[in-house]
Amino acid sequence: NQPVITSPLSAYIPNSYISNLSTRLAFYKKLALVRTLSQTEEIKHELTDRFGTLPIYIENLLYIATLKFLAIDAGVHSISKTKHNITITLDAPVSGGAMALEKTLGHGVSVGNQQIRLAIHEEEKTWKNNLIKSLKGISSFREKVSRLIR
């Protein structure tokens, strides 16, 4: 299952950047198949080499592609951002691991049974990095727990 990501970011490939429709669609397809950070970087370099400096909309699209594969790895069902927080809904409850996961993720994070909330401030520009860091932390936590269970 693909995680649902609800974001206020405008994320698309503008016609003014890649005018040829089939080329644009080919890049959308590549982005949909991304499964590693290095693949995202390869696409970024290819776009820059072929078409020049990336517009913010494509930077956002690459960011969302990165979120998707990190979310899959972390067992995330959905991510949504509002003005004051980011809510991550997990595929499965963390049950007794909630406190340990909260401690792992650090300050400004609240962990419930199946939801994680990251507090953000309106002016905060680091929310995107904090979300990536949290997804990596969730994934790492899941790996540790699964090793303990085996």
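Here, the structure is the one placed above.
Calculation notes
Residues numbered from 1 in each chain as written. Predicted model: local features only at pLDDT ≥ 70, side-chain atom pairs only at ≥ 80, totals over all residues. Heavy atoms only, no water. Helix = DSSP H or I, 4+ residues; strand = E, 2+ residues; numbered from the N terminus. Buried < 20%, exposed > 50% of the residue type's maximum accessible area, 1.4 Å probe, protein only. Core = buried A, V, L, I, M, F, W, Y, C linked by side-chain atoms within 4.5 Å. Contact = heavy atoms within 4.5 Å. Pairing = 2+ DSSP bridges. Axes fitted to C-alpha atoms, helices over the stretch in contact; angles between N-to-C directions. Parallel < 35°, antiparallel > 145°, perpendicular 65-115°, else oblique. Left-handed = near helix turned anticlockwise from the far one by under 90°. Phe/Tyr/Trp six-rings, centres within 6.5 Å; stacked < 30°, edge-to-face > 60°. Lys NZ or Arg CZ within 6 Å of the ring centre and 35° of its normal.

Caption draft 1: Just the overall build of the chain, in detail. Per the secondary structure count, the chain includes 5 helices and 5 strands. Walking the chain from its N terminus toward its C terminus, one meets helices and strands in the order β-α-α-α-β-β-α-β-β-α. The C-alpha extent of the chain, read off along each of the three principal axes, is 50 × 40 × 20 Å. Sorting the 150 residues of the chain into buried and exposed places 37% on the buried side.

Caption draft 2: Summary view of the nonpolar core. Membership of the largest hydrophobic core comes to 41 residues, with the highest contact counts inside it found for Ile79, Ile88, Ile116, Leu135 and Ile138. Sort the elements by how many residues they give to this core and helix 3 (residues 56-74) lands first, with 11 residues. With residues near it in sequence (within four places) discarded, Ile116 still touches Ile86, Thr87, Ile88, Leu90, Leu101, Leu105, Val109, Ser110, Val111 and Ile138.

Caption draft 3: Main features of the sheet that holds strand 3 (residues 85-90). Strand order across the open sheet formed by 5 strands is 1-2-3-5-4, with mixed pairing between neighbours. The two strands at the open ends of the sheet, each matched to only one other strand, are strand 1 (4-6) and strand 4 (109-111). Strand-to-strand twist of the sheet, defined as the mean angle between neighbouring strand axes without regard to direction, takes the value 10 degrees. Pairing of strand 1 with strand 2 (residues 76-81) involves 3 bridges; the strand directions are parallel. Note that in strand 2 the partner of Val4 across the bridge is Ser78.

Caption draft 4: The packing of helix 2 (residues 37-51) against helix 3, seen in detail. Between helix 2 and helix 3, whose axes approach to 10 Å, the crossing angle comes to 165 degrees. Relative to helix 3, the element helix 2 lies roughly antiparallel. As for the relative orientation of helix 2 and helix 3, their crossing is right-handed in sense. Contacts between helix 2 and helix 3 involve Leu37, Thr40, Ile43, Lys44 and Leu47 from the first element and Ile58, Glu59, Leu62, Thr66 and Phe69 from the second.

Caption draft 5: Representation of the packing of aromatic side chains. A full pass over the atoms with the stated rule returns 4 aromatic pairs. For the pair Tyr17 and Phe51, a centre-to-centre distance of 5.7 Å together with 55 degrees between the ring planes defines the contact as tilted. With Tyr17 in the loop between strand 1 and helix 1 (21-32) and Phe51 in helix 2, this pair connects stretches of sequence that are 34 residues apart. We classify Tyr17 as buried; its relative accessible area is 11%. Above the ring of Trp127, the side-chain terminus of Lys81 is found at 4.9 Å from the ring centroid. Here the basic side chain of Lys128 rests over the ring of Tyr63, its NZ or CZ set 5.4 Å away from the ring centre.

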